[in-house]
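Inside the fold
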Amino acid sequence: MPYLIELSASHNELTTFFGFKPPKNLKKVDFSFNKIPEMNDLFRYKGLTRLILDHNEIKEIKGLTNCSALSHLSLAHNKITKMEGFGKLPIKILCLSNNQIEEISCLENLKILQNLDLSGNKISRLKGLENHDLLEIINLEDNKIAELSEIKHIENLPLLRVLNLLKNPLQDKSDYWLFVLYTLPRLTELDRKKINVEEKVEAENKYAPPPEVVAAQDHLKNIVYSMMQPQRIFDSTLPSLDAPYPMLVLVGPQAGGKRELAHRLCRQFSTFFRYGSCHTTRLPYFGEGDRVDYNFISEEVFAEMLNMGKFILTYKYNKHNYGLTRDTVEGIAREGLASCIHMDIEGVRSLKHSYFEPRYILLVPMNKVKYEGNLRRMGLFSRSEIEFSVARVDYYIEINQDFPGYFDALINTDDLNTAYQNLCQLIREYLGLSDQLGKDMSDITDFSKEVYARRSPENEEFFWHLSSNSLFSDFLDSTDRNYVISLSARLLAEEIPAEITSMQKRREAARQALMGKVPADYTTLFQRGPVPTPISAITHLDRTSPTRMWAKSKFADGISLTPSLSFSEGSSYRESLLMSKGTTLSSLAHFPGESTFISLETPSPLKSDTYLDKETKEQLSKPSFELTDRKFKVKSPVYQPNIRSGRNVKIVLPPIPQCRK
Ligand SMILES: Nc1ncnc2c1ncn2[C@@H]1O[C@H](COP(=O)(O)OP(=O)(O)OP(=O)(O)O)[C@@H](O)[C@H]1O
């Protein structure tokens, strides 16, 4: 049969094959399911392209070296123990499944191999599969591959699309799936399952998360851990809900002068800012003080603090952990001051996810040669660390260019003194301070006190004149702006059903709490520990009864309360804004002066709270106190005023205007 092209002799009892003169054109041969124990030398079968010898009793691959056209060889279900005898054949499809092979070998010359089936063997390593640039499909099901690290042998196969590692011990590894997807990003099918895009993104985010994801995860983690702790109203929550707590964040590359500038700034603007020291697990550099520059802590303490929900943000730099704690910020806010903090860009990314709206000042040494020299002179960093830090200069500049507005200002720190002058100028502008005012910061508090002390219905006109011509105008304008910005954002944003339900629940809980009703179960769920009674913050008052406390307050001693929002129904919005921004009944209670009239203030959040319904507002605005002949008498306590700690220490927090994220 000289023209025979295809021969199928499967399912017989043949013990040998090709014991005849080969037909010239024979290309495809199937001798599967026979009893062939040994392969003959096929040197005469040069035209053979496909040879199937599955389900025989062959122990050794041999006799193929002259089959120069063989592209498909299948020897499944035999007794082969070694991969050998392929020579330089142009094999594209090789099936050796269900044999007794322990090691992948002799494949290096199969340069155009595309499909390899080694399932059902005893293979434990993937070594030997490298450099097969055309390999698209690998089936290694039911083998003994146990280590995820084996995957690295196939990670550079550019065309690998389908991989089967089912029934291998490495399947038991918890991160097997995502690890393989991350290591072999070009796969479309793994373990007979199509891979979807979400899984690929998940794998990428797990093993090489982009910085934005790291920051988002950090924020998420810190929020969750902090929510697991007893909840309280933070000192940094300003009475006007629309005004963010003022914060200044200096950001820039390592040892670029952030810390030094922050300290100098806080010294000069001590009536506005307090240095907020981050926590770190790195060792102190020469000259750095514990709790002065950083809080130096061990890895264990850091981890514990993290779990206890202490941090607002954390980040890693140079293998060391850094974090800004809630306590740091609240401690400063309690004193009525703004926080001045410095951190790396990683921290900023996380902080930008929070509700804080700081001013971010980028401090960059533009002269990289000088910066490198500074780093070297410090003698603290290795060569690679210095190179990394210098490279980060461009990184910071790129972020600033690529994301306009990401930082509020950029200051060149080549010369620290000039940088400081520029920084001061900037801060004065933010604070709305004229040069003259800025020169004597210590007067600010007195000045503010004076303004407030003079306030009364009689001199209201003077007050407005003053406030519209001084730093307070900036203060008010900024509050207005914040209000408008946040209001428009709120109006524009479409809430999803879950958000709407959540808001309704929160409003209801707030309403009920304000009405004096027992909070709903879910409210108490979060209050594991004793929830601080707002009133307890006023330490000089009787704690036993809120009502008595008010009655026994300093009025009796002749100290007056200046009206706040509680002239309320008739009071102007402008007034409300002014008074709500940190000027509270309790804070003003410290200033002696004429007691013109008194009424119990409605806490400013309530006044500005657009969520309250009419009925609640009316109830809340009912005066519970009355002044007759400068005497103070309790009528009926409608609710307990929500006066928080920290609200009564300083009058005005620095008016950092306009939020920008
Ligand atoms: N442009 C500069 N010229 C001279 N010295 C500088 C300059 N910039 C920083 N330094 C010095 O480098 C040292 C490190 O600065 P600093 O601690 O303020 O940096 P940092 O940015 O806070 O660093 P880290 O992020 O590591 O805490 C300080 O002694 C500072 O005086």
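We now turn to the structure provided with this report. Only a predicted model underlies this, so the values are computations on that prediction, with no experimental measurement involved. (Residues numbered from 1 in each chain as written. Predicted model: local features only at pLDDT ≥ 70, side-chain atom pairs only at ≥ 80, totals over all residues. Heavy atoms only, no water.)

To continue, consider the sheet that holds strand 7 (residues 137-139). Spatial strand order, 1-2-3-4-5-6-7-8-9-10: 10 strands in an open sheet with mixed pairing. Where the open sheet ends on each side, the last strands, each with one partner, are strand 1 (6-8) and strand 10 (193-194). As defined by bridge partners, strand 1 adjoins strand 2 (residues 28-30) across 3 bridges and the pair is classed as parallel. Residue pairing across strands places Glu6 opposite Lys28, the latter belonging to strand 2. (Pairing = 2+ DSSP bridges. Helix = DSSP H or I, 4+ residues; strand = E, 2+ residues; numbered from the N terminus.)

So, on to the site of the ligand. The full set close to the ligand counts 17 residues, and Lys258, Arg259, Glu260, Tyr294 and Thr413 are the nearest of them. With respect to the ligand, the backbone of Gly257 contributes an N or O atom lying 3.2 Å from an oxygen atom. A distance of 2.3 Å separates an oxygen atom of the ligand from a polar atom in the side chain of Glu260. Relative to its unbound accessible surface of 630 Å², the ligand loses 81% to contact with the protein. Listing elements by their share of the shell around the ligand, those giving two or more residues are helix 4 (258-268) and helix 8 (368-378). Residue contributions to the shell around the ligand peak at 3 residues, all from helix 4. Residue classes in the shell around the ligand are distributed as 6 nonpolar, 6 polar and 5 charged. (Near = heavy atom within 4 Å. Polar contact = N/O pair within 3.5 Å; in protein donor to acceptor, adjacent residues only side chain to side chain. Areas by Shrake-Rupley, 256 points an atom, 1.4 Å probe, with all protein chains shown as cover. Nonpolar A, V, L, I, M, F, W, Y, C, P; charged D, E, K, R; others polar.)

So, about the packing of aromatic side chains. Here the structure, examined in full by the defined rule, presents 17 aromatic pairs. Note on Tyr317 and Phe388: the rings are 5.9 Å apart at their centroids and 35° apart in plane angle, and the pair reads as tilted. Of this pair, Tyr317 sits in strand 15 (residues 311-317) while Phe388 sits in helix 9 (residues 383-402); the two residues are 71 residues apart in sequence, bridging distant segments of the chain. Tyr317 sits in the buried class, given a relative accessible area of 3%. Among the residues examined, Phe388 registers a relative accessible area of 40% and is labelled partly exposed. Pairwise contacts between aromatic rings join Phe17, Phe18, Phe20, Phe31 and Tyr45 into one cluster. (Phe/Tyr/Trp six-rings, centres within 6.5 Å; stacked < 30°, edge-to-face > 60°. Buried < 20%, exposed > 50% of the residue type's maximum accessible area, 1.4 Å probe, protein only.)

Bringing the pattern of salt bridges into the picture now. In the structure shown here, the tally under the stated rule is 22 salt bridges. Note that Asp218 and Lys221 form a salt bridge whose closest N and O atoms lie 3.9 Å from each other. Of the two residues, Asp218 and Lys221 are both situated in helix 3 (residues 211-227); the distance of 3 residues between them amounts to about one turn of the helix. Where Arg274 meets Glu335, a salt bridge forms, and the shortest distance between an N and an O atom there is 2.8 Å. (Salt bridge = Lys/Arg side-chain N within 4 Å of Asp/Glu carboxyl O.)

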